[in-house]
Amino acid sequence: MTAHIHPRGDVAVLVPAAGSGVRLGPGAPKALRLLRGEPLLVHAVRRVAACPAVGVIVVAAPPGQVPTVQRLLEPVAPVTVVPGGTTRQRSVAAALEAVPDQFDIVLVHDAARALAPPALVAAVADAVRAGHDAVIPVLPVVDTIKEVSASAEVLGTVDRSVLRAVQTPQGFRRAVLVAAHAAAAADDASDDAGLVEKQGVRVRCVPGSDHALKITRPFDLAVAELLLDS
Ligand code: C5P
């Protein structure tokens, strides 16, 4: 497969977009749900492509929808589209295989975080370029967090000062991400840094963005709509 490469950029961005999105209710795959008339994936790719450091974008599409996604993104940015897998982890692994050899910095960015700004993409890539093998954007946790049993009994209160909510894009030295995916046994990682941590690699945090919220439920779509105007 031939990838579309922008000569300016040294960063490859993988966009897993093959999820069904059941929590948004019945309908199209989540990445294809509309936010002010445009699919979430279009919003996400437009912002990724606006970051000058980005040289190639690989999207993992729902397997039956590769041509649809290709057509959809044609006017937005040059992208390579591959069929995703049955889990997020498999979709990322499929996209990773399509990254041309010369890219040493790889970011993974959920299509569901459709409004993550180009500056966040740049900040994560810069931190990898500065020498960190793995980089994640994080926000402080504002709610009090409790551990709760299956029967709804509170087991304890967690010290939230040491907790962070983790976003995407997450950035990696390519070899680190490839090794982590190769070693991953079960399909249970909800993010790529989780796989890398298991390899004993240090993961560096950088400040996240409120705009990089994950659009999971109908409420999030309403918030995202407001953010488009802000
Ligand atoms: O399901 P979840 O919200 O954790 O999905 C996060 C991201 O992973 C979404 O952008 C979704 O489209 C993607 N995904 C994927 N392939 C799957 C499942 C989820 O690319 N099989």
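Scroll up for the structure.
Residues numbered from 1 in each chain as written. Predicted model: local features only at pLDDT ≥ 70, side-chain atom pairs only at ≥ 80, totals over all residues. Heavy atoms only, no water.

It is worth spelling out the layout of surface pockets at this point. Here the second largest pocket defines a volume of roughly 280 Å³. Taken together, R113, L139, P140, V141, V142, D143, A165, V166, Q167, D210 and L213 form the lining of the second largest pocket. Taken together, the elements giving at least two residues each to the lining of the second largest pocket come down to β7 (134-140) and β10 (164-166). For the lining of the second largest pocket, the residue count by class is seven nonpolar, one polar and three charged. (1 Å grid on protein atoms, 1.4 Å probe; cavity = no way out; pocket = protein on both sides within 12 Å on 5 of 7 lines; lining within 4 Å. Points joined across faces, edges and corners; volume = space filled by probe spheres on them. Helix = DSSP H or I, 4+ residues; strand = E, 2+ residues; numbered from the N terminus. Nonpolar A, V, L, I, M, F, W, Y, C, P; charged D, E, K, R; others polar.)

Turning our attention to the pattern of salt bridges. Inspection of every chain in the model, using the stated rule, returns nine salt bridges. Of the charged contacts in the structure, one is a salt bridge between R88 and D192, with a shortest N-O distance of 2.9 Å. Note that R88 is positioned in helix α3 (residues 88-97) and D192 in helix α6 (residues 192-198), a separation of 104 residues in sequence. Residue classification places D192 among the buried positions, given a relative accessible area of 1%. Each of D10, D126 and R129 takes part in one network of salt bridges that share partners. (Salt bridge = Lys/Arg side-chain N within 4 Å of Asp/Glu carboxyl O. Buried < 20%, exposed > 50% of the residue type's maximum accessible area, 1.4 Å probe, protein only.)

In this structure, L221 sits in helix α7 (residues 218-229). On a C-alpha basis, the gap between L221 and R33 in space is 9.4 Å, while along the polypeptide they are 188 residues apart. Among all residues touching L221, those that are not within four sequence positions of it are L24, L34, L35, L40 and I215. (Contact = heavy atoms within 4.5 Å.)

Turning next to helix α4 (residues 118-129). Taking 1.5 Å per residue, twelve residues should reach 16 Å; α4 reaches 16 Å between its end C-alpha atoms and fits that length. All of the buried residues in α4 are L120, V121, V124, A125, A127 and V128. Looking straight down α4, one finds that the buried residues subtend no more than 160 degrees of arc, so they occupy a single side. Phi turns positive, to about 125 degrees, at G131, one or two residues after α4. (Expected span 1.5 Å × (residues − 1). Arc of directions from axis to C-beta.)

What follows covers the nonpolar core. Ranked by size, the top nonpolar core spans 32 residues in total, and within it L41, V45, I57, V59, V69, L73 and L107 carry the most contacts. Every element with two or more residues in this core is listed here: β1 (11-16), α1 (40-49), β4 (54-61), α2 (66-73), β6 (105-108) and α4. In this structure, V59 is in contact with V15, A17, L41, V45, V69, L73, V79, T80, V81 and V82, ignoring residues within four places of it in sequence. A12, A98, V176 and A180 belong to the second largest nonpolar core, which has 26 residues in total. (Core = buried A, V, L, I, M, F, W, Y, C linked by side-chain atoms within 4.5 Å.)

Turning to α7, a few remarks are in order. Of all the positions in α7, only D220, L221, A224 and L227 are classed as buried. The buried residues of α7 occupy an angular sector of 115 degrees when projected down its axis, which confines them to one face. In α7, the exposed residues that point more than 90 degrees away from the buried face are F219, L226 and D229. Those residues of α7 hidden inside the fold are in contact with β2 (34-35) and α1.

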